[in-house]
Amino acid sequence: MHTEKIPAREGNHNLQDYEKMRKTFSWDDMKKNFSWNETGKVNMAYEAIDRHAENPDTKDKIALHYSSPDREESLTFDDLKKSSNQFANVLKKYNVEKGERIFLFLPRSPEFYAAFLGILKVGAIAGPLFEAFMEQAVRDRLQDSEASMLITTPDLLERVPQDDLPDLKKIVLVGDSKETSDKYIDYDKEMKDASTDFEMEWVDLEDGMVIHYTSGSTGKPKGVYHVHNAMIQHYATAEWVLDLKKDDVYWCTADPGWVTGTSYGIFAPWLYGVTNVVRGGRFSPDAWYGTLDKYNVTVWYTAPTALRKLVSAGSEIPKKHDLSSLRHIMSVGEPLNPEVVSWGLEAFDLRIHDTWWMTETGAQLIVNIPSMEIRSGSMGKPLPGIEASIVDNEGNELPPNQMGNLAIKKGWPSMMRKIWKRPEKFESYFINGWYVSGDSAYKDEDGYFWFQGRLDDVINTSGERVGPFEVESKLIEHEAVAEAGVIGKPDPERGEIIKAFITLNDGYKESDELLEEIRQFIKTGLSAHAAPRELEVKDSIPKTRSGKIMRRLLKSWELGLPTGDTSTLEE
Ligand code: 6R9
């Protein structure tokens, strides 16, 4: 693997001395940043919004810059306090109680955020869904969670199989609709009538707040349950990893159907009181650079899949935009290819900071922070307050440089508290006091963690363990290759052989010579045993809505096996 070392960027970063903080920090220290530390009254929505709306200095500060191809709006903390109060009143009017699961099946929009925060304000549990979900995905999630209410649009309603959802009592419709049954609640009308004052439902730190469904490789998606207490870690990472300053304009590109879009698209930035940018609509390089430019974004959190697309789109487009406000970039969701890190240094003159975490972990755990040296291709080091290690299948720690299960010592503030209705599933994550992530990785002598693959994805070829990520990263360094997905294909002689699926950059045509050249490129640049024996050009690589390459799907296709749960597949 590459070992390019990129020195820390100079500057007045929030966390200057990582090593010292690791030694001295305790999670209790973070609690003083919250009003409940003194009042005893807890609610995430209060800490994220109302607290800033009640402060004369921040009341009229922009909390949300929303833009989509057909709509633009900027809302202050006071605006958001009021609209979420109104929605909370609507929920109360229809007798929603603390602990009920209320789902959102809505495009990213100001209504989404008002409703989401309103749900928290009544002490209910929010379940955000991807707007692109089809009927089966919606059914699975609403059934499993026994959701009592759904907020959606008349268009999306078609994909809600109401006959199969006996617990679903009410549906709030955002937008004009002809529905007349009293099962439906008209969002605009109710909001107009609702008071902008609301008596917050104070909850316990351990009360439920959000459920995110996440797909495994087999079986139905599981409901990962998070509690208000997570705010302690959202705040800590806002400070150390997002490196937020009060005047920042922050943009997290993730959809709130994905945990990144709530933990880091809602909680972290607003707990810290910064201006948050939300973009609706589809990805295009022009639109994305345009958003950075238009709002003078200073801190940007995105994902490797988007960054790779920007790399492929070339260096002319960014030149049309003024990106000089940008000072800090982060990535999550997939391994960050060294190639992309190098490009970031050129395109933005900035380091791209990889961060590792999962739906189940609720917040960042292994991170690169501004004052730390980056080892290109490594996901960084554990956050202060987090103990991470590589363990074997019995939960014994392994020495440096040995590949094993990436594991975290149980018990951090944002850790999931349960898997909805599946206690045995929850328990199965923990071995010998460690939360075992299902990722394989190793740790180097200096404490940097290096991702190898999902455990199911690691390839064993002629006795060598090969992480698909390493091969994919090398493949995209080749000028012809845009994206790559690498799998192990059963082989009688070698156990598995490496098969790579690639897409080509514009201007390149598939030919035997080109494929051979790419193979040689891996052979000489990485290693002979890592060179794909089979190389197939595709029009696209299947990915989840959070941008993860679906290697298991590539494998099922290749082997003609059932594809399992594909509800999160991007069309
Ligand atoms: C936040 C999020 C979790 C899985 C995780 C791992 C992969 C996330 C990564 C990364 C390499 C990183 N992943 N960040 N792999 N480097 N920096 O992504 O949650 O959707 O639950 O996915 O994503 O495989 O186990 P989630």
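For the structure, see preceding data.
This write-up is about the structure you can find in this document. All figures in this text were calculated on a predicted structure; none of them were measured in a lab.

### A closer look at the overall build of the chain
Looking only at helices and strands, the chain features 18 helices and 29 strands. A globule of 571 residues ought to have a C-alpha radius of gyration of about 25 Å, and the chain, at 23 Å, matches this closely. Reported as C-alpha extents along the three principal axes, the dimensions of the chain are approximately 70 × 55 × 55 Å. By the burial criterion, 61% of the 571 residues in the chain qualify as buried. For the chain, the share of sequence-separated contacts (at least 6 apart) that also reach a separation of at least 24 residues comes to 68%. For the chain, the exposed area adds up to about 22,600 Å²; of that, 45% sits on carbon and sulfur atoms.

### With respect to the packing of aromatic side chains
In this structure the tally under the stated criterion is 27 aromatic pairs. Between Tyr264 and Trp357, the aromatic rings sit 5.1 Å apart at their centres with planes inclined by 75°, giving edge-to-face as the arrangement. In this pair, Tyr264 sits in helix α10 (residues 259–271) while Trp357 sits in the loop between β15 (352–356) and β16 (366–367), placing the two residues 93 residues apart along the sequence. Note on accessibility: Tyr264 and Trp357 belong to one class, buried. Judged by centre distance (5.3 Å) and plane angle (80°), the ring pair of Trp343 and Phe348 falls under edge-to-face. For Phe348, a relative accessible area of 12% corresponds to the buried category. Clustering of aromatic rings is evident, with ring pairs tying together Trp251, Phe283, Trp288, Trp300, Trp343 and Phe348. We note Lys409 situated over the ring of Trp434; from NZ or CZ to the ring centre the distance is 4.8 Å.

### Some thoughts on the pairing of strand β13 (residues 299–302)
Taking every second residue as pointing to the same face, both faces of β13 are buried, with Val299 and Tyr301 on one and Trp300 and Thr302 on the other. Pairing of strand β11 (residues 249–252) with β13 involves three bridges; the strand directions are parallel. Bridge pairing in β13 links Cys252 to Tyr301. In this sheet, strand β14 (residues 328–331) lies alongside β13 in parallel orientation, the contact comprising four bridges. Counted as the bridge partner of Val299 is His328 from β14.

About the criteria used
- Residues numbered from 1 in each chain as written.
- Predicted model: local features only at pLDDT ≥ 70, side-chain atom pairs only at ≥ 80, totals over all residues.
- Heavy atoms only, no water.
- Helix = DSSP H or I, 4+ residues; strand = E, 2+ residues; numbered from the N terminus.
- Rg over C-alpha atoms; globule rule 2.2 N^0.38 Å.
- Buried < 20%, exposed > 50% of the residue type's maximum accessible area, 1.4 Å probe, protein only.
- Contact = heavy atoms within 4.5 Å.
- Areas by Shrake-Rupley, 256 points an atom, 1.4 Å probe, with all protein chains shown as cover.
- Phe/Tyr/Trp six-rings, centres within 6.5 Å; stacked < 30°, edge-to-face > 60°.
- Lys NZ or Arg CZ within 6 Å of the ring centre and 35° of its normal.
- Pairing = 2+ DSSP bridges.

Taken by themselves, the reported measurements are silent on function.
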